[in-house]
Amino acid sequence: AIMIMFMMTSSLLAESDTKGIEKDEMVVLAQSINKRFFLMKEVAAFKQKKNMPSFVPGREHLILATAKSIGDTYSLDASSIQGFVDTILRVSVDVQNSWRRHWIKEGFDYADQIRDLENQIRPELYELTINIVSQTAKIYPIIHDPKKHSELKRILDEQLNAEYV
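Residues numbered from 1 in each chain as written. Predicted model: local features only at pLDDT ≥ 70, side-chain atom pairs only at ≥ 80, totals over all residues. Heavy atoms only, no water.

Remarks on the overall build of the protein
And step 1. A tally of regular secondary structure across the protein gives seven helices and zero strands.
And step 2. For the protein, the α and β elements follow one another from N to C terminus as α-α-α-α-α-α-α.
And step 3. Going through the 165 residues of the protein one by one, you find that 45% of them count as buried.
And step 4. Considering only residue pairs separated by 6 or more positions, the protein has 87% of its internal contacts joining residues 24 or more positions apart. (Helix = DSSP H or I, 4+ residues; strand = E, 2+ residues; numbered from the N terminus. Buried < 20%, exposed > 50% of the residue type's maximum accessible area, 1.4 Å probe, protein only. Contact = heavy atoms within 4.5 Å.)

So this is what it looks like as structure tokens:
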């Protein structure tokens, strides 16, 4: 799924005049994506405790609209942003479902440590969405340089270490 995200990122931007991008910016993007996936354990725990479904279509549409709005600021192509964010959201739901299956098998002992989804976790996810979209705009030249693809894959492999990703 991560390589699918990387490949979708390559068609994300319409035009950009950004120059001189450092590989550190790809690391920042990968870390933001990883942090989002890491937070899915907390999201899954909250939803498990409240008996809520992992996938909530209305919520997904809101996240997508937010990402598109942020993308407009950076002249990102709306249809490509949708594909990229849809992929992140699908992986996020898969991570939540994996945690829930784990808790069914191993027991759910996470209930006392759960942060509030609306007031604590979602604000972090919102900031990560902003970071992911804005960082994607910054790395446009790297994404479209075939000579950099092996380096990008290496960075993703190193940085994406959330469980069940």
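Some points on the packing of aromatic side chains
And step 1. Within this structure, the stated rule accounts for three aromatic pairs.
And step 2. A network of ring pairs unites the aromatic residues Trp-99, Trp-103, Phe-108 and Tyr-164 as a single cluster. (Phe/Tyr/Trp six-rings, centres within 6.5 Å; stacked < 30°, edge-to-face > 60°.)

A look at the side chain of Ser-32
And step 1. Along the chain, Ser-32 turns up in helix α2 (residues 23-50).
And step 2. Its relative accessible area of 8% is what places Ser-32 among the buried residues.
And step 3. Ignoring sequence-local partners within four residues, the contact set of Ser-32 consists of Leu-128, Asn-131 and Ile-132.

What about the environment of Lys-47?
And step 1. Within the secondary structure, Lys-47 sits in helix α2.
And step 2. The buried category is assigned to Lys-47, whose relative accessible area is 4%.
And step 3. Residues Lys-47 and Leu-117, spaced 70 residues apart in sequence, show a C-alpha to C-alpha distance of 8.6 Å.
And step 4. Excluding anything up to four places from it in sequence, Lys-47 contacts Met-52, Pro-53, Ser-54, Val-56, Gln-96, Arg-100 and Leu-117.

A few points about the pattern of salt bridges
And step 1. Enumeration over the complete set of coordinates arrives at seven salt bridges.
And step 2. Measuring nitrogen to oxygen at the nearest pair gives 2.5 Å for the salt bridge that ties Glu-151 to Arg-154. Of the two residues, Glu-151 and Arg-154 are both situated in helix α7 (residues 149-159); the distance of three residues between them amounts to about one turn of the helix.
And step 3. What makes Arg-154 partly exposed here is its relative accessible area of 32%.
And step 4. Taken together, the salt bridges that share partners define one network made up of Lys-35, Glu-42, Arg-115 and Glu-124. (Salt bridge = Lys/Arg side-chain N within 4 Å of Asp/Glu carboxyl O.)

Here's the deal with the nonpolar core
And step 1. Judged by nonpolar contacts, the single largest core of 33 residues is most densely connected at Met-26 and Ile-33.
And step 2. Counting only elements with at least two residues in this core, the list comes to α2, α4 (78-106), α5 (117-138), α6 (140-143) and α7.
And step 3. If one sorts the elements of this core by residue count, α2 sits on top with 12 residues.
And step 4. If sequence neighbours within four positions are ignored, Met-26 has contacts with Ile-139, Leu-152, Ile-155 and Leu-156.
And step 5. Ile-63, Leu-64, Ile-70 and Ala-137 belong to the second largest nonpolar core, which has 10 residues in total. (Core = buried A, V, L, I, M, F, W, Y, C linked by side-chain atoms within 4.5 Å.)

Some thoughts on unusual backbone geometry
And step 1. You will see that Asn-51, though not glycine, has its phi angle at about 55 degrees, which is positive.
And step 2. Accessibility expressed as a relative area gives 69% for Asn-51, which makes it exposed.
And step 3. Backbone geometry at Ser-75 places phi at a positive 60 degrees, although glycine is not the residue there.
And step 4. Among the secondary structure elements, Ser-75 is positioned in the loop between α3 (57-73) and α4.
And step 5. We classify Ser-75 as partly exposed; its relative accessible area is 45%.

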